[in-house]
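Breakdown of the fold
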Amino acid sequence: MVSLAATFGRGAMTNHWRDIRHADVILVNGANPAEAHPVGFRWLMRAKTDRGAKIIHADPRFTRTSAVADTHLRIRTGSDVAYFGGLINYVLGNDLHHREYVEFATNAGLVVKDSYSFDEGLFNGFDEATGAYDPTAWAYETDADGNARVDIDHPRSVLNLLRAHYSRYTPEMVERITGIPREQFLEVARLVGTTGRPDKVMTIVYAVGLTHHTTGVQLIRSGAILQLLLGNMGRPGGGMNAERGHANIQGNTDHAISWDILPGYLKVPAPGQRNLDDYVAQSASKKLRPNAVNFFGENYRRFMVSLLKTWYGDTATADNEFAFDLLPKPAANSSWISIFDQALRGRMEGLILSGMTATSIGPDSNQVLQALSKLKWLCVMDPFRTTSSEFWNAPGMNPADVRTEVFMLPATHWIEKDGSFTNSGRWAQWKEQVLPPEGESRHDHWILADLFLRVRALYEAQGGRFPDPVRRLTMDYRDPRRPELDEIAREINGRDLGTGERLTTFADLADDGTTTAGDWIYTGHYPPEGNLTKRRDGVQDPEKNDPTGMGFYPNWAWSWPVNRRVLYNRASADPSGRPWDPDRPGIVWDPATRTWTGDVPDYPPTAAPGPDAPLPFIMTGEGTGRIFSNGVADGPFPEHYEPVESPVDNPLHPGQSTTPAVYRYDERAGRPNRFGTVADYPYIATSYRLTEHEHYVTQNVEQLVRLQPEAFVEVPAELAREKGIETGDRVRVSSKRGKLEVRAVVTGRLGPLMIDGRKVYQIGIPIHWGFVGINTGQHWLANALTPFVGDASSRTPEFKAFLVNLEKM
Amino acid sequence: MAEITPGRAYGFFTDTSVCIGCKACEVACKEWNQLPGNAPAFGDGYDNTGALDAQNWRHVQFLDQVPDRTENSGRGKAWLMMSDVCKHCKDASCLEVCPTDAIIRTEFDTVYIQPDVCNGCRDCVAACPYDVIEMDEHTGVAQKCTLCYDRLQGGMQPACAQACPTDSIQFGPLDELRAAARRRVGDLHDQGVPEARLYGEDDAVYGGLNAFFLLMAEPEAYKLPNEKNAVLPSRNNAGGYLAAFGTAVLAVLGGLLAFRKRRDPEPEPEGGEEG
């Protein structure tokens, strides 16, 4: 989600599932929606059956998605920057970009400072000592008022730097890096190029196949840049559509599951910020054009103060900076891998796991098992036994050696509670409790509330070094030990503290302490008239419920922000307010009523088109989508870098093969190296889900265990012939970190690739099995193989590209 | 969907060109019909169900024809998936051979085995040209897809069709399904997919199938008899008396096969078309 926020201003799927049926071309990269999102995949098939859309699936494997795609491109895992970069080069080289859109809605015309450089794989601003870039080194030329200089013909305009950057990504280079034959690449490039026309639109659908790399953020950004060039952002049938892997991952992200954000994508305060002025100055985007709305940046303080009022109530006053001091200001990265790194260093006492099993998730499950062994205590809240609650008894572990005290707290399953799910398309949909909780199980939020109140009682009784963050927190629920999700939803929505009424929009949030909002992007989902996520005016009456006929269904549930269905939809219309494609309008300027009609406008609702009109992307300081962005840690333009474990040197710059900004945990901590080389581990491997299971929890579902009963790996037919392996045989797949001994499935669906003149094979590793579940004997953990390293910006693990060896047993 | 009316002919149109092999149909069928399923067993990685049998009334076939090299392989040609099911034949040999009239044609024009009338003779198992029917080891009666007879009586579409996310399985009145299928195959031909063809939509196979298919390859690729083979013996000659004779032959043969099967420790039920 880092990459979308860095490019457009918000970290979420830009369109929504139903909208995909409006596309003419669908690029699917790093995703297998037919298997991982079979229900949403319906809309890709509708695009195909209803309007003859072309689906291009670029994937290391020929999957169930490829089976119904028009073209499958066998691409080496993790090389999508080269593919998208090649498409960017093709589009610019053949003048196929949507010129008017690019000038209107992107930062292509802004002039970059002359300190910008890119040489042999390294951008300016790199500090060898820290191994990190200073992203503020990637900036525009500005005038005395801080406004960026605009001159699209300037040699250092974003557009011209972009041209220069991707001129190296020729079809020949694309073939060398990705393995896609150039003729096939060019065939796809010609098709993609047609969508630069106003009457054509393309969507890019992706998932964690792009995210799970050391270059994950840039893989996604390269697709986003292509979409900006072709004028496909903000339009029905277009967009960058991130498919989330669980029913409520988007909701988790919105409510700050990542360590570095607070609810609503407000940044976590940093050390040295002593007051709200410091915080806002360092966190909010700066206005860079006179007509930029810069909505997020301009309102940052209002959202933060309303959050602090929610959390700290009467304690938060103007005199004490609304209790800003009570928020933690973490000095070190606290992302997923970092947690286990800290445990391995012996710096963690305990860990609470809720809704996840660290052992199975990995990466490098064997190292995670060691990390868990170094804890004093581990608490697992889950409806089922997990590979984490049973980690001390994992194959290869000696329970007598594990000192960690493990608490298993039975939690309710989502089917045993109400509450909302927020889907990939940002629709928050309320659900009812289906079954009563079993036995003594409790809701996760009840367990945490009870725990919190007990900790608070200890602080009250015994004092402590800094008790106020805990003592002063509001628990304004009917029964603080058992908050209802309905109460929490109302708290998230926020209210006017003067009238006591719940608010209908975040536009009414104030920075003077008179309003609350637990997550400003959800303000308006629960107005005084009721919980809008319960609305169900859907296909039972399309004429009434979908007045535009575009599938927005505004009275079905509620989507953030303010029930808008397609983000950045001002860009669906030309500068004069007419839709680029009248058959697929997003919003339209109505001169008679002087308002924007259609979807909820992502724009001031009565701002008339014209030369002085506000710029179209309201969430960025530039007022446009960002082709050039300093919102990422590893470069303002995406560049192809090799995975940390790769069989080849980077053909673009062998001297800088991997991204320079990658954080190597083991090396930094002085632990032995756990990365393998091609000499010992000659095959590329990638891990993934199958449609029959959801991660690990469905090992408890009989019907699904029947459909996929046993761990296996997929082996290319040619390699299998070489090694005498047949489907059903047992094979050993090993990386520098661990091994699996499972069955082989031999198939042509994974073929050989020619990478930079060298033949490489890719092995497929489904992830679903472990040493708990109803089908015993399935004890191999796929993530025993994966590397303990993550993306340069987000630190998301590189689950999708690593090296292994393969032996017949 | 529209009301389900007794007296009208209903069926399935299974469009394999949009099947994604998710097996939601298999699970929905088992859940609704309370089929406990067979013991988990590794098949070939994707198809671990194996075949239509007493426990599996929907079965997704996977036909992997993907070549080693990268190719422009889409449009469902290289990895074919097809949710197989009882065809609810117009000329239903199972119904014709059933000695106890346990197998009936319902008011929805579907073929249904009444479990309380079935005496477990296995004639239908041998007679079915599609290997759809199997004896249930617990109940001792023959079982197959009921086209969710109970759901239809309650005005609900079959569980598999309701669960199918891509509308690969469509349920409806037969005449409407046939019209939709002809439109769909026409669209595919227009889009440059000449492989697409309908199977069982007209009377060429077993007098017409209430559960018919859009296929992306020859029927034989899906282990389905082609038009030449998919006829009851009687239908090779036009005369009505021969039809009766053929049915009788088939019944006798089916009985013999079933009898042999009872003696045979490892029964190999054979298709009725050989009669």
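Residues numbered from 1 in each chain as written. Chains lettered and ligands numbered in written order. Predicted model: local features only at pLDDT ≥ 70, side-chain atom pairs only at ≥ 80, totals over all residues.

Another point: the overall build of chain A. A tally of helices and strands in chain A yields 23 helices and 27 strands. The C-alpha atoms of chain A give a radius of gyration of 26 Å, which matches the 28 Å a tight globule of 809 residues would have. On the principal axes, the C-alpha backbone points of chain A span a range of 75 × 70 × 60 Å. Among the 809 residues that make up chain A, the fraction classed as buried is 54%. Counted over contacts in chain A with a minimum sequence separation of 6, partners at least 24 positions apart contribute 72%. (Helix = DSSP H or I, 4+ residues; strand = E, 2+ residues; numbered from the N terminus. Rg over C-alpha atoms; globule rule 2.2 N^0.38 Å. Buried ≥ 20, exposed ≤ 12 C-beta atoms within 10 Å, placed from the backbone. Contact = placed C-beta atoms within 7 Å.)

Bringing the overall build of chain B into the picture now. Along chain B, the regular secondary structure elements total seven helices and 10 strands. Taking all 275 residues of chain B together, the buried fraction comes to 48%. Contacts in chain B between residues at least 24 apart in sequence constitute 63% of all its contacts with a sequence separation of at least 6.

Time to look at the domain arrangement of chain A. All names here are of chain A. On domain assignment, one finds that chain A holds domain 1 (2-245), domain 2 (252-330 + 484-522), domain 3 (349-423 + 427-462) and domain 4 (654-808). The gap between the C-alpha centroids of domain 1 and domain 2 is 32 Å. With seven residues of domain 1 at the interface, the matching set in domain 2 holds seven residues. Per-class residue counts for the side of domain 1 that touches domain 2 are three nonpolar, four polar and no charged. (Domains from an automatic or database assignment. Nonpolar A, V, L, I, M, F, W, Y, C, P; charged D, E, K, R; others polar.)

With that settled, the discussion passes to the interface of chain A and chain B. Counting residues at the interface gives 43 residues for chain A and 33 residues for chain B. Contributions of two or more residues to the side of chain A that touches chain B are made by helix H3 (41-51), strand E3 (71-74), helix H22 (702-707), strand E21 (712-716), helix H23 (717-723) and strand E23 (739-747) of chain A. Its residues assigned to classes, the side of chain A that touches chain B shows 18 nonpolar, 15 polar and 10 charged.

Turning our eyes to something else, we now look at the sheet that holds strand E12 (residues 350-354) of chain A. Residues and elements named next belong to chain A. Spatial strand order, E12-E13-E14: three strands in an open sheet with parallel pairing. Of all strands in the sheet, those bounded by a partner on one side alone are E12 and strand E14 (405-410). Averaged over all neighbouring strand pairs, the angle between strand axes comes to 15°, with direction disregarded. Looking at chain direction, E12 and strand E13 (residues 377-382) are connected through five bridges and run parallel. Along E13, the bridge assignment pairs Ser-354 with Met-381. (Pairing = 2+ DSSP bridges. Axes fitted to C-alpha atoms, helices over the stretch in contact; angles between N-to-C directions.)

A:Gly362 connects to A:Pro363 through a cis peptide bond whose omega is 0°. Relative to the helices and strands, A:Pro363 resides in the loop between helix H15 (358-361) and helix H16 (365-373). In the Ramachandran plot, A:Arg594 falls in the positive-phi region, its phi being about 55° despite a non-glycine side chain. Take A:Arg594: it is sitting in the loop between strand E18 (587-590) and strand E19 (595-598). Positioned with a positive phi, B:Tyr206 is a non-glycine residue whose angle comes to about 45°. Among the structural elements, B:Tyr206 can be located in the loop between strand E9 (197-199) and strand E10 (211-215). On the basis of neighbour count, B:Tyr206 is assigned to the buried category, with 23 C-beta atoms found within 10 Å.

Once that is clear, we can look at the domain arrangement of chain B. Residues and elements named next belong to chain B. When the domains of chain B are assigned, the result is domain 1 (10-89 + 148-222) and domain 2 (93-147 + 232-274). Each side of the interface is counted separately: domain 1 has 17 residues, and domain 2 has 18 residues. Taken together, the residues of the side of domain 1 that touches domain 2 break down into 13 nonpolar, two polar and two charged.

Right, let's talk about the sheet that holds strand E1 (residues 10-15) of chain B for a bit. All names here are of chain B. Strands sit in the order E8-E1-E10-E9 across an open sheet of four strands; the sheet is mixed. Taken across any chain shown, the strands that pair with only one partner, and hence form the sheet edges, are strand E8 (169-173) and E9. Adjacent strand axes in the sheet meet at a mean angle of 20° when their direction is disregarded. With five bridges joining them, E1 and E8 adopt antiparallel strand pairing. Paired with Tyr-10 across the two strands is Pro-173, which belongs to E8. Strands E1, E8, E9 and E10 of the sheet are contacted by helix H6 (residues 174-190), whose axis makes an angle of about 135° with E8.

Looking now at the environment of A:Pro575. All names here are of chain A. Summarising the element assignment, Pro-575 is placed in the loop between strand E17 (558-559) and E18. In this structure Pro-575 comes out as partly exposed when scored by C-beta crowding, with 15 C-beta atoms within 10 Å. For the pair formed by Pro-575 and Tyr-101, sequence separation is 474 residues and the distance between their alpha carbons is 8.5 Å. The residues touching Pro-575, leaving out its near neighbours within four places in the chain, are Phe-104 and Pro-609.

It is worth spelling out the UniProt feature "domain: Molybdopterin oxidoreductase" (unreviewed entry) in chain A at this point. Residues annotated by UniProt as "domain: Molybdopterin oxidoreductase" (unreviewed entry) correspond here to residues 12-451 of chain A. The distance from the first to the last C-alpha atom of residues 12-451 of chain A is 32 Å, and the span holds 33% helix and 14% strand. (UniProt positions renumbered as here; feature names shortened; annotations may be inferred.)

Let's shift gears to the packing of helix H14 (residues 336-344) of chain A against H16(A). All names here are of chain A. Interhelical geometry of H14 versus H16 gives an angle of 55° and a closest axis separation of 8 Å. The angle between the axes of H14 and H16 places the two elements in the oblique class. In the crossing of H14 with H16, the sense of the turn from one axis to the other is left-handed. Facing Phe-340, Ala-343 and Leu-344 of H14, the residues of H16 in contact are Gln-367, Val-368, Gln-370 and Ala-371. (Parallel < 35°, antiparallel > 145°, perpendicular 65-115°, else oblique. Left-handed = near helix turned anticlockwise from the far one by under 90°.)

We now examine the UniProt feature "domain: Molybdopterin dinucleotide-binding" (unreviewed entry) in chain A. According to UniProt, the feature "domain: Molybdopterin dinucleotide-binding" (unreviewed entry) maps to residues 685-802 of chain A in the numbering used here. Across residues 685-802 of chain A, helical content stands at 11% and strand content at 30%; the span's end C-alpha atoms are separated by 5 Å.

So, about the nonpolar core. Core analysis: the biggest nonpolar cluster contains 251 residues, and A:Ile26, A:Leu308, B:Cys94 and B:Cys124 have the highest contact counts within it. For this core, the leading source of residues is helix H13 (residues 295-312) of chain A, giving 10 residues. When near neighbours in sequence (up to four residues on either side) are disregarded, B:Cys124 contacts B:Cys94, B:Val97, B:Cys98, B:Ile103, B:Ile133 and B:Ala142. Judged by nonpolar contacts, the second largest core, of 35 residues, contains A:Ile684, A:Phe712, A:Val731 and A:Leu781. (Core = buried A, V, L, I, M, F, W, Y, C linked by C-beta atoms within 7 Å.)

What follows covers the environment of A:Asp401. Relative to the helices and strands, A:Asp401 is located in the loop between E13 and E14. With 28 residues separating them along the chain, A:Asp401 and A:Ser373 place their C-alpha atoms 8.4 Å apart.

Right, let's talk about H13(A) for a bit. Residue and element names in this part refer to chain A. Here H13 is 18 residues long and its end C-alpha atoms lie 25 Å apart, about the 26 Å a rise of 1.5 Å per residue gives. Bending of H13 peaks at approximately 40° at the position of Arg-301. Burial analysis of H13 places 15 of its 18 residues in the buried class, which makes it a mostly covered element. Once H13 finishes, Gly-313 follows within two positions and takes phi at roughly 50°, a positive value. (Expected span 1.5 Å × (residues − 1). Bend = angle between axes of the 7 residues up to and from the residue.)

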